[in-house]
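Chain and residue survey
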Amino acid sequence: MDTMAIQAPDVTRVVAPDGTVNEGTDPELSESAVIDLYRLQVLARTFDEKAVALHRQGRIGTYAPLQGQEAAQVGAAYALADDDYCFPTYRDHAIYLTRGLALEDVLVHLLGKGNYVDREDPATLRTFPPTIPIATQLPHAVGVSMAADYRGDDCAALVSFGDGATSEGDFHEGMNFAGVFETPTVFFCQNNQWAISMPRERQTASATIAQKAQAYGFEGVRVDGNDVLAVYTAVEDALDAAKSGEGPRLIEAVTYRRGAHTTTDDPSKYRDDEEVEKWRQKDPVERTREFLEDAHGWSATDEEKLREWADQRVAEAVAEVETRTGLDVDAIFEHVYAETPERLRRQRERVVDNPEVER
Ligand SMILES: Cc1ncc(C[n+]2csc(CCOP(=O)(O)OP(=O)(O)O)c2C)c(N)n1
């Protein structure tokens, strides 16, 4: 069967790989907004490199690197309004940073000193903790956005997931439900070409991930996921449409995971250096910098100052969070139920009283 015949939307691009911009599609963000989009990507890249190093030094547990996906994550989260809901995954550290979490808030989780909901304002942030079970956050996002719509709130939900998630039942259930009930949900797929060792071509026979939306009765679009302005524009359009009652949209951000799946994975076992090098040349952070240089006269001094700031921010945050006391072992019982069932309460008491449980 010719899967191309179904629908293979073009990839939308605003900033070309050399940093020049396609005038017709430029969202014309203010200079300070574009600098913000760049600053967040640099912060995310610096944080990511540090997190991998911390793992190598045995100072954090397993970590899922985001290198290569900075523009996709920052561009998508930047388009969200404060009242919108956001459902990230385990790789979406830059979504959290863009959404207003401090580096410390992300680090407490990685260093085992706390978790994403141990904050004074977890509800007002409207950003859920990362899901590890693949695609389970999709039905949650559909339900939350449907509830918000039912209450008459002027907001939408964005749910992030990978190409691998599109093979899960939860993906299809969430998409189907959203299509039937026309919920204000933006499905944001970071197609980073790999689901651990499974390449995109083996994940699905569909020509594109975006075209899957057609089966559920709504629009699917593809954007260059390494182009922060294209991602921002696509997500903003989809959020606006959702909030105007036009229902859901699927966005496929075409990007690449440059690092390992997690720090416990060795990607050299399943992909070659040439491929990684090809994508390194499409680096999203460099591309935004080149755009800033072209359009806003970003200088070498601006660059140096920003890099120094990012290095210092990350070093300070790590040093501060490392001094905090760790989570108690019985924290595993928290945040699962609103009201703890009797059975769990008894288990929790046994853990606390058991001297053999490692703390
Ligand atoms: C329901 C479920 N099945 C299997 C796994 C194991 N697993 C962890 S990550 C992963 C690959 C996910 O790939 P993708 O959705 O493309 O996201 P990426 O990791 O590339 O960001 C799998 C299969 C899991 N966490 N949950």
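A quick note: this is a predicted structure, and the numbers were derived from the prediction, not measured.

**Looking at the overall build of the chain**
Scanning the chain for helices and strands turns up 13 helices and eight strands. The C-alpha radius of gyration computed for the chain amounts to 21 Å, which stays within 12% of the reference 21 Å derived for 359 residues, consistent with globular compactness. Overall, the chain is about 65 × 50 × 45 Å in size when its C-alpha atoms are taken along their principal axes. Charge-centre separation for the chain: the mean point of 37 positive side chains lies 5 Å from the mean point of 66 negative side chains.

**Brief notes about the site of the ligand**
The environment of the ligand is formed by 15 residues, the closest being Tyr90, Arg91, Gly164, Asn192 and Trp194. Tyr90 is positioned with one of its side-chain polar atoms (N or O) 2.7 Å from an oxygen atom of the ligand. Arg91 is positioned such that a nitrogen or oxygen atom in its side chain is 2.8 Å from an oxygen atom of the ligand. Protein chains shield 69% of the accessible area of the ligand, which is 580 Å² for the free molecule. In the shell around the ligand, the residues fall into eight nonpolar, four polar and three charged.

**A closer look at a nonpolar patch on the surface**
Judged by side-chain polarity, Phe177, Val180 and Phe181 come together as a nonpolar surface patch covering roughly 300 Å² of accessible area. Mapped onto the secondary structure, Val180 falls in helix α7 (residues 169-181). On the basis of relative accessibility, which here comes to 56%, the residue Val180 falls in the exposed class.

**Regarding the environment of Thr12**
By secondary structure assignment, the location of Thr12 is in strand β1 (residues 11-12). Taking C-alpha positions, Thr12 is 9.0 Å from Thr25, a pair spaced 13 residues apart along the chain. Apart from the residues within four sequence positions on either side, Thr12 is in contact with Arg222, Val223, Asp224 and Ala230.

**Comments concerning the sheet that holds β1**
Read across the sheet, six strands follow the order β1-β7-β8-β4-β3-β2 without closing on themselves; strand pairing throughout is parallel. The sheet terminates laterally at β1 and β2 (85-87), the two strands that pair on one side only. Judged from the six bridges that link them, strand β7 (residues 219-224) and strand β8 (residues 249-254) form a sheet pairing that is parallel. Counted as the bridge partner of Gly220 is Leu250 from β8. Of the strands in this sheet, β3 (157-162), β4 (185-191) and β8 are in contact with α7, which crosses β4 at around 145 degrees.

**Focus on the state of the cysteines**
Taken as a whole and judged by the stated rule, the model has zero disulfides. Of all cysteine sulfurs in the structure, the one in Cys86 sits closest to Cys155, which takes part in no disulfide; the separation is 12 Å. When its relative accessible area of 4% is taken as the criterion, Cys155 is described as buried. You can see Cys189 has no disulfide; the closest cysteine sulfur is in Cys86, sitting 15 Å from it.

**Overview of the packing of aromatic side chains**
Taken as a whole and assessed by the stated rule, the structure comprises 10 aromatic pairs. The cationic tip of Lys282 hangs over the ring face of Trp279; the distance from NZ or CZ to the ring centre is 4.2 Å.

**Here's the deal with helix α11 (residues 284-296)**
Its 13 residues give α11 an end-to-end C-alpha distance of 17 Å, which sits within 8% of 18 Å, the value for a rise of 1.5 Å per residue. Of the positions making up α11, those classed as buried are Pro284, Val285, Arg287, Thr288, Arg289, Phe291 and Leu292. Buried residues in α11 make contact with α1 (31-56), α2 (70-78), β7, α9 (228-243) and α12 (300-322). For α11, the N-terminal capping position is held by Asp283, with its side-chain oxygen 3.2 Å away from the main-chain nitrogen of Val285.

**Description of the side chain of Ser145**
Topologically, Ser145 is positioned in helix α6 (residues 137-151). Judged by relative accessible area, Ser145 falls into the buried class, the value being 1%. Aside from chain neighbours lying at most four places away, what touches Ser145 is Ala157, Thr183, Pro184 and Thr185.

**Re the pattern of salt bridges**
What the rule picks out here adds up to 23 salt bridges. With its nearest N and O atoms 2.8 Å apart, the salt bridge here joins Glu303 to Arg307. Of the two residues, Glu303 and Arg307 both sit in helix α12, four residues apart, roughly one turn of that helix. Overall, Glu303 belongs to the buried group, its relative accessible area being 14%. Take Arg307: its relative accessible area is 30%, and that puts it in the partly exposed class. Close ionic contact of Asp330 with Arg348 constitutes a salt bridge, the shortest N to O distance being 3.0 Å. Remark: Arg348 occurs in helix α13 (residues 342-353) and Asp330 occurs in the loop between α12 and α13; sequence separation between them is 18 residues. Asp330 sits in the buried class, given a relative accessible area of 10%.

**Quick look at the domain arrangement of the chain**
Here the domain parsing of the chain yields domain 1 (3-327) and domain 2 (328-359). Using only C-alpha atoms to locate each centre, domain 1 and domain 2 end up separated by 34 Å. Our enumeration of links across domain 1 and domain 2 arrives at zero salt bridges. One can count zero residue pairs in polar contact (both at pLDDT 80 or more) joining domain 1 with domain 2. Of the residues in the side of domain 1 that touches domain 2, the class split is two nonpolar, two polar and one charged.

Cut-offs applied
- Residues numbered from 1 in each chain as written.
- Predicted model: local features only at pLDDT ≥ 70, side-chain atom pairs only at ≥ 80, totals over all residues.
- Heavy atoms only, no water.
- Helix = DSSP H or I, 4+ residues; strand = E, 2+ residues; numbered from the N terminus.
- Rg over C-alpha atoms; globule rule 2.2 N^0.38 Å.
- Lys, Arg positive; Asp, Glu negative; His and termini not counted.
- Charge placed at Lys NZ, Arg CZ, Asp CG, Glu CD.
- Near = heavy atom within 4 Å.
- Polar contact = N/O pair within 3.5 Å; in protein donor to acceptor, adjacent residues only side chain to side chain.
- Areas by Shrake-Rupley, 256 points an atom, 1.4 Å probe, with all protein chains shown as cover.
- Nonpolar A, V, L, I, M, F, W, Y, C, P; charged D, E, K, R; others polar.
- Patch = residues over 30% accessible without salt bridge, like charges linked within 9 Å, V, L, I, M, F, W, Y side chains within 5 Å.
- Salt bridge = Lys/Arg side-chain N within 4 Å of Asp/Glu carboxyl O.
- Buried < 20%, exposed > 50% of the residue type's maximum accessible area, 1.4 Å probe, protein only.
- Contact = heavy atoms within 4.5 Å.
- Pairing = 2+ DSSP bridges.
- Axes fitted to C-alpha atoms, helices over the stretch in contact; angles between N-to-C directions.
- Disulfide = S-S within 2.5 Å.
- Phe/Tyr/Trp six-rings, centres within 6.5 Å; stacked < 30°, edge-to-face > 60°.
- Lys NZ or Arg CZ within 6 Å of the ring centre and 35° of its normal.
- Expected span 1.5 Å × (residues − 1).
- Domains from an automatic or database assignment.

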